[in-house]
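Report on the structure
Here are the chains, one letter per residue:
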Number of protein chains: 2
Amino acid sequence: MTPPVTKPDLQLWFEFASTYSYLAIERAAQLPLTVSYQPFLLGPIFAAQGWTDSPFNLYPIKGQYMWRDMERLCEEAAIPLRRPSRFPRNGLHAARVAVANRAAGWLPSFCRNVYRANFAEDREIGEPAVLAEILGDMQLDAAALLEQANSPASKQALREQTERAVALKLFGAPTYVVADELFWGNDRLEQALRFRERYSPAQG
Amino acid sequence: MTPPVTKPDLQLWFEFASTYSYLAIERAAQLPLTVSYQPFLLGPIFAAQGWTDSPFNLYPIKGQYMWRDMERLCEEAAIPLRRPSRFPRNGLHAARVAVANRAAGWLPSFCRNVYRANFAEDREIGEPAVLAEILGDMQLDAAALLEQANSPASKQALREQTERAVALKLFGAPTYVVADELFWGNDRLEQALRFRERYSPAQG
C-alpha cells in the first residue's frame with residue numbers, strides 16, 4: 001500500500017519592516033492553501049552581515065530602484081502604496097504580537113493591516129499605540145494582546161523564531177520555505193509552489 | 001493623424017561573471033523580439049559600493065542560496081550547470097569582444113557559448129586562450145577578434161559602456177532596461193516585457 005503523500009507546509013517568513021514582505025502578505029491571503037505565517041526579525045541577521053541599516057539605505061541606488069519597483073508592482077496588483085516618511089520602521093512589537101498569536105484566525109488580517117499602516121498610510125507601526133489602534137479596529141482586546149506581546153514568554157518566542165531563521169540560513173525577507181528549501185523574494189512564490197507540488201519525501 | 005507607436009528596445013545588460021545573467025542570455029535567444037545586448041562590467045559598480053568581491057562570496061549564506069537556486073532553475077529550464085571551480089571569473093576580455101561586436105549576427109551565440117564554458121564546462125573564460133577556442137569553434141577568426149578586443153578603441157568602448165551602466169544606476173546583473181526603466185534580475189523579464197507592451201511615449 002502506498003501511504004498518502006502529505007505535502008509540506010508553505011511557510012512565509014516575513015519582517016514587518018520589509019517592503020517586499022508587504023506584497024507577499026497581500027498575496028498569501030488569496031492562496032488556495034494554508035500558509036504558515038512565520039514572523040521574524042531581520043535586524044540580527046543583517047547585523048551578522050555587518051549591516052546596521054536596511055541595505056536599501058546602505059546602497060542608495062538599490063534603494064531608489066526598490067521604491068520604483070514597489071510603485072510598479074503595487075500598481076499592477078492594485079495594492080495601495082504611499083512611500084513612508086520613515087524607512088525602515090521597527091517591526092519588533094508587531095512581530096511579538098504575531099508570534100504570540102500564530103494560530104489565531106485573525107493573524108493574516110493583523111499582518112495585512114500592519115503592512116498597510118506602514119506602507120499605505122505612513123503610520124508609525126513601531127509604536128505600540130499604533131498597534132493598539134490596529135487591534136482595536138479589528139474588535140480585538142488591544143490592551144490584553146499588547147500586554148501578552150510584552151511578556152517574557154512572547155519575547156522569548158520571538159528570539160527563538162529568529163534563531164530558527166538563522167538556522168534555516170535566511171538572509172532576507174520575504175522568504176518562502178518548503179521542507180527546508182528556501183525561495184527568497186515575493187516573486188518566487190510560484191517557484192515555491194511548483195517545488196511543493198512536485199515534492200515527495202525521500203524513500204526510507 | 002496618430003503617429004505610429006515605436007516600442008522601445010528591450011536592453012539586456014549582463015556581465016559574463018554573473019550566474020543569473022547566464023539564465024537571461026539563454027532565454028534572450030528565444031524571445032520573439034530583438035534583444036539589445038549590453039555587456040558591461042560589474043566590478044567598478046561593486047567597487048563603488050565598497051565590495052571587492054562578488055556579494056555571493058562576501059555573504060556566504062546568500063552565496064549558498066544562489067548556487068542551490070541556480071541548480072533548481074537550471075533543472076527546470078533544462079540548462080546545463082556545473083558549479084565552476086572558480087567564482088567569479090574575470091569577464092573583461094569576453095566583454096571587450098562583445099562590445100566591439102554588438103552588431104554582429106554571431107554575438108548571441110558567442111555570449112551563450114562563453115556562459116556555457118563558464119557555468120557548464122568549468123573553463124577559464126578569463127583567459128584569452130579559452131576565448132580563442134570558443135571563437136574558433138564558431139568558425140570565426142579568433143586571432144583577429146582578440147586583437148580587435150585588445151585595441152584602445154575596444155577598451156575605450158567598454159569603459160564608456162560601463163559608464164553608461166553607472167549613469168543608468170545599474171547595481172547588478174542581469175538588468176533589463178526599457179526606456180530607462182530598470183528591471184533587475186532574470187526573473188523580471190516578464191515584467192519588463194509587460195512594461196514595454198504598455199509603453200507609450202509621453203505626450204508632447
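As shown above, the structure is provided for reference.
In this report, we go over the structure that sits alongside the text. Everything numeric in this text was worked out from a predicted model, so none of it was measured. (Residues numbered from 1 in each chain as written. Chains lettered and ligands numbered in written order. Predicted model: local features only at pLDDT ≥ 70, side-chain atom pairs only at ≥ 80, totals over all residues. Heavy atoms only, no water.)

Examining the pairing of strand β3 (residues 175–178) of chain A
All names here are of chain A.
- By the alternation rule, side chains of β3 split into T175 and V177 and Y176 and V178, which are all buried.
- In this sheet, β3 lies alongside strand β1 (residues 10–14) in antiparallel orientation, the contact comprising 3 bridges. Pairing of W13 across the sheet is with T175, part of β3.
- Linking β3 back to strand β4 (residues 181–184) in an antiparallel pair, the connection comprises 2 residues, with A179 at a positive phi of about 50 degrees. (Buried < 20%, exposed > 50% of the residue type's maximum accessible area, 1.4 Å probe, protein only. Helix = DSSP H or I, 4+ residues; strand = E, 2+ residues; numbered from the N terminus. Pairing = 2+ DSSP bridges.)

Quick word on the nonpolar core
- By size, the foremost hydrophobic cluster in this structure holds 136 residues, and its most contacted members are L10(A), F16(A), F110(A), F16(B) and F110(B).
- When neighbours within four sequence positions are excluded, F110(A) is seen to be in contact with F16(A), A94(A), V97(A), A98(A), I134(A), L135(A) and M138(A). (Core = buried A, V, L, I, M, F, W, Y, C linked by side-chain atoms within 4.5 Å. Contact = heavy atoms within 4.5 Å.)

Considerations on the interface of chain A and chain B
- On the side of chain B, 26 residues touch chain A, which itself brings 26 residues to the contact.
- Regarding the contact of chain A and chain B, the summed buried area is about 2,600 Å², with carbon and sulfur atoms giving 48% of it.
- The interface formed by chain A and chain B includes 12 salt bridges.
- R194(A) is paired through a salt bridge with E76(B); the nearest N and O atoms lie 2.8 Å apart.
- At the junction of chain A and chain B, the tally comes to 20 residue pairs in polar contact (both at pLDDT 80 or more).
- Breaking the side of chain A that touches chain B down by element, the ones donating at least two residues are α4 (60–77), β4 and α10 (189–198) of chain A.
- For the side of chain A that touches chain B, the per-class residue count stands at 12 nonpolar, 3 polar and 11 charged. (Buried area = accessible area lost by both parts, 1.4 Å probe. Salt bridge = Lys/Arg side-chain N within 4 Å of Asp/Glu carboxyl O. Polar contact = N/O pair within 3.5 Å; in protein donor to acceptor, adjacent residues only side chain to side chain. Nonpolar A, V, L, I, M, F, W, Y, C, P; charged D, E, K, R; others polar.)

Thoughts on the relation of the copies chain A and chain B
- The operation relating chain A to chain B is a screw motion whose rotation component is 180 degrees, with 0.0 Å of axial translation and a residual RMSD of 0.0 Å. Both chain copies can therefore be described as sitting about a two-fold axis. Residues of chain A ranked by C-alpha distance from the rotation axis are headed by D187(A), positioned 3.9 Å from it. (Least-squares fit on C-alpha atoms with pLDDT ≥ 70 in both.)

With respect to the sheet that holds β1(A)
Residue and element names in this part refer to chain A.
- Spatially, the 4 strands line up as an open sheet ordered β2-β1-β3-β4, and their pairing is mixed. The open sheet is flanked by β2 (35–39) and β4, the only strands paired with a single partner. The mean angle between the axes of side-by-side strands here comes to 25 degrees, regardless of whether they run parallel or antiparallel.
- Two elements, β1 and β2, share 5 bridges in a ladder whose sense is parallel. Each residue of the ladder has a partner; that of W13, found in β2, is Q38.
- Along the sheet, helix α1 (residues 19–28) contacts β1, β2 and β3; its crossing angle with β1, the most-contacted strand, is approximately 145 degrees. (Axes fitted to C-alpha atoms, helices over the stretch in contact; angles between N-to-C directions.)

Describing helix α6 (residues 107–119) of chain A
Residues and elements named next belong to chain A.
- Over its 13 residues, α6 extends 18 Å from the first C-alpha to the last, a length consistent with the 18 Å expected when each residue adds 1.5 Å.
- Among the residues making up α6, those that are buried are L107, F110, C111, V114, Y115, A117, N118 and F119.
- Check the buried side of α6 and you find it contacts β1, α1, β2, α4, α5 (92–100) and α7 (128–137). (Expected span 1.5 Å × (residues − 1).)

Let's talk about helix α4 (residues 60–77) of chain B
- With 18 residues, α4(B) extends 25 Å between its outermost C-alpha atoms, agreeing within 8% with the 26 Å of an ideal straight helix rising 1.5 Å per residue.
- Those residues of α4(B) that sit buried are K62(B), G63(B), Y65(B), M66(B), W67(B), D69(B), M70(B), R72(B), L73(B) and C74(B).
- Those residues of α4(B) that are buried lie in contact with β4 and α10 of chain A together with α1 (19–28), α3 (55–58) and α6 (107–119) of chain B.
- Directly after α4(B), the chain includes A78(B), whose backbone phi takes a positive value near 55 degrees.

Describing the sheet that holds strand β3 (residues 175–178) of chain B
All names here are of chain B.
- The sheet built from 4 strands is open, its strands ordered β2-β1-β3-β4 with mixed pairing. Each of the sheet's edge strands pairs with one partner strand only, and the pair in question is β2 (35–39) and β4 (181–184). Each adjacent strand pair in this sheet contributes to an overall mean axis angle of 25 degrees, direction not counted.
- Relative to β4, β3 is paired through 4 bridges, and the arrangement is antiparallel. In the strand pairing of β4, V177 is matched with L182.
- Against the sheet, helix α10 (residues 189–198) engages β1 (10–14), β3 and β4, with an angle of about 0 degrees to β3.

So, the packing of aromatic side chains
- Here the structure, examined in full by the defined rule, presents 40 aromatic pairs over all chains.
- Each ring, one from W13(A) and one from F40(A), has its centre 5.7 Å from the other, and the planes form 70 degrees; the classification is edge-to-face. Of the two residues, W13(A) sits in strand β1 while F40(A) sits in the loop between β2 and α2 (43–48), which places them 27 residues apart along the sequence.
- Through a chain of ring-to-ring contacts, three or more aromatic side chains come together here, namely F14(A), F16(A), Y22(A), Y37(A), W106(A), F110(A), Y115(A) and F119(A).
- Positioned above the aromatic ring of F183(B), the side-chain terminus of R72(A) is 3.9 Å from the ring centre. (Phe/Tyr/Trp six-rings, centres within 6.5 Å; stacked < 30°, edge-to-face > 60°. Lys NZ or Arg CZ within 6 Å of the ring centre and 35° of its normal.)

With respect to unusual backbone geometry
- Cis geometry marks the peptide bond from A173(A) to P174(A); its omega dihedral reads 0 degrees.
- The topology assignment puts P174(A) in the loop between α9 (152–167) and β3.
- Of note in the backbone geometry, Q139(A) takes a positive phi value of approximately 65 degrees without being a glycine.
- Relative to the assigned elements, Q139(A) resides in the loop between α7 and α8 (142–149).
- Within the chain, A179(B) stands out as a residue other than glycine whose phi angle is a positive 50 degrees.
- Turning to its location among the elements, A179(B) is positioned in the loop between β3 and β4.

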